[in-house]
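Chain by chain, the residues:
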Amino acid sequence: MLPREELLKGVENRDSIARVIDFAEQAIKTWEVVLTDFLSPPELVETQQVFNRLSDVQLVAWGGYPQAERQRIAIARSEMELDTSQVAVTLLDIAGNFLFDTATHRDFLGAMLGTGIVREKTGDIIVLGERGAQVIVVPELAEFLEMNLQQVRSVPVKTQRIDLSELKVREPKKKELTTVEASLRLDAIASAGFGMSRSKMVELIDGSDVRVNWKDITQASHQVKTGDLIAIRGKGRLEVGEIAVTKKDRYRVQLTRYM
């Protein structure tokens with residue numbers, strides 16, 4: 001048995017991590033690869049932090065493509081072979097004419113949840129504008145959604161399984177930049193990286209629109225460090241690279257922005 005209470009000490013996503021521990025104990029007991037449902041980015045980060053302390057189990061996360069935000073985890077004993085090919089996911093195409101009634105990510109998710117499924121069974125949703133969307137789901141849900149997902153907003157849709165090779169995800173554009181700041185405060189580094197005023201960044205932080213390593217941060221004075229990932233809804237992500245101290249005791253920070 002795994003040291004459950006010790007592993008759960010101080011975690012934020014306690015219920016989710018507890019379920020993953022259940023799956024891990026099953027994997028140890030049965031010598032089989034066990035799959036979780038889809039986890040959100042904060043749940044994924046915390047799960048990996050918790051399980052890094054263990055030597056008898058291993059994890060592999062996969063959501064259908066390398067940049068997927070929501071991913072399933074495959075769990076197995078450390079002695080076994082494990083790779084992303086063992087993480088089963090299915091791609092659905094939700095096709096309709098959205099030219100005159102544009103649908104958002106929220107609309108497609110709402111329509112799916114309206115069929116009676118739970119969020120944990122769905123991965124990323126890729127909105128394709130006027131043509132509809134693609135959604136990654138657990139395989140056992142595919143047939144149900146093909147039969148029951150027939151409308152999004154006012155638009156009739158056809159839902160059908162397609163091959164993962166048909167996934168229409170564009171590679172994020174990448175921009176490298178360097179900034180020199182008096183401090184490593186979140187508002188200073190993020191405003192430089194996203195190219196906006198400090199006051200506007202503080203407004204976004206106060207409004208819970210900024211996440212660091214997938215956690216909502218509402219303090220502009222939060223100190224960032226190398227390896228941190230800063231995300232703003234609708235504006236992409238910023239990765240904090242090498243940090244060096246200049247002769248004038250300021251901080252030279254390497255940043256990579258993904259758009």
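Residues numbered from 1 in each chain as written. Predicted model: local features only at pLDDT ≥ 70, side-chain atom pairs only at ≥ 80, totals over all residues. Heavy atoms only, no water.

- An unreviewed UniProt entry lists the protein chain under the name Photosystem II S4 domain protein, with Iningainema tapete BLCC-T55 as the source organism.

1. Section: the sheet that holds strand β1 (residues 34-35)
Then, in step 1: Strand order across the open sheet formed by three strands is β1-β3-β2, with antiparallel pairing between neighbours. Pairing within the sheet leaves two strands with one partner each, and these edge strands are β1 and β2 (57-62).
Then, in step 2: Bridge count for β2 against strand β3 (residues 72-77) is six bridges, and the pairing is antiparallel. Considered in β3, the bridge of A61 is made with I73.
Then, in step 3: Lying on the sheet, helix α2 (residues 14-30) is in contact with β1, β2 and β3; it crosses β3 at an angle near 35 degrees. (Pairing = 2+ DSSP bridges. Helix = DSSP H or I, 4+ residues; strand = E, 2+ residues; numbered from the N terminus. Contact = heavy atoms within 4.5 Å. Axes fitted to C-alpha atoms, helices over the stretch in contact; angles between N-to-C directions.)

2. Points about the layout of surface pockets
Then, in step 1: There is about 1,300 Å³ of room inside the largest pocket.
Then, in step 2: Lining the largest pocket are 38 residues, and of these Y65, Q67, E69, W214 and R237 sit closest to its centre.
Then, in step 3: Taken together, the elements giving at least two residues each to the lining of the largest pocket come down to α3 (41-51), β5 (122-127), β13 (229-232) and β14 (236-245).
Then, in step 4: Considering each element in turn, the lining of the largest pocket owes the most residues, five residues, to β5.
Then, in step 5: As a volume, the second largest pocket reaches approximately 160 Å³.
Then, in step 6: Looking at which element gives the most residues to the lining of the second largest pocket, the answer is α2, with four residues. (1 Å grid on protein atoms, 1.4 Å probe; cavity = no way out; pocket = protein on both sides within 12 Å on 5 of 7 lines; lining within 4 Å. Points joined across faces, edges and corners; volume = space filled by probe spheres on them.)

3. Considering the side chain of T256
Then, in step 1: Turning to its location among the elements, T256 is positioned in strand β15 (residues 251-258).
Then, in step 2: A relative accessible area of 12% means that T256 is categorised as buried.
Then, in step 3: Looking at T256, its side chain comes within polar contact range of the side chain of E176, at 2.9 Å. (Buried < 20%, exposed > 50% of the residue type's maximum accessible area, 1.4 Å probe, protein only. Polar contact = N/O pair within 3.5 Å; in protein donor to acceptor, adjacent residues only side chain to side chain.)

4. Here's the deal with the UniProt feature "domain: RNA-binding S4" (unreviewed entry) in the protein chain
Then, in step 1: Here, the residues flagged by UniProt with the feature "domain: RNA-binding S4" (unreviewed entry) are residues 184-244.
Then, in step 2: Structurally, residues 184-244 comprises 30% helix and 30% strand, and the distance from its first C-alpha atom to its last is 11 Å. (UniProt positions renumbered as here; feature names shortened; annotations may be inferred.)

5. Details of unusual backbone geometry
Then, in step 1: For W31, which is not glycine, the phi torsion reads 60 degrees and is therefore positive.
Then, in step 2: With a phi close to 70 degrees, W214 is a non-glycine residue in the positive phi region.

6. What about the sheet that holds strand β10 (residues 174-181)?
Hydrogen bonds between backbone groups are what pair the strands of a sheet, and the pairing can be parallel or antiparallel.
Then, in step 1: The sheet built from six strands is open, its strands ordered β10-β15-β14-β13-β11-β12 with antiparallel pairing. The open sheet is flanked by β10 and β12 (215-216), the only strands paired with a single partner.
Then, in step 2: Of the strand pairs in this sheet, β14 and β15 are connected by seven bridges, and their pairing is antiparallel. Within the sheet, the bridge partner assigned to I243 lies in β15 and is V253.

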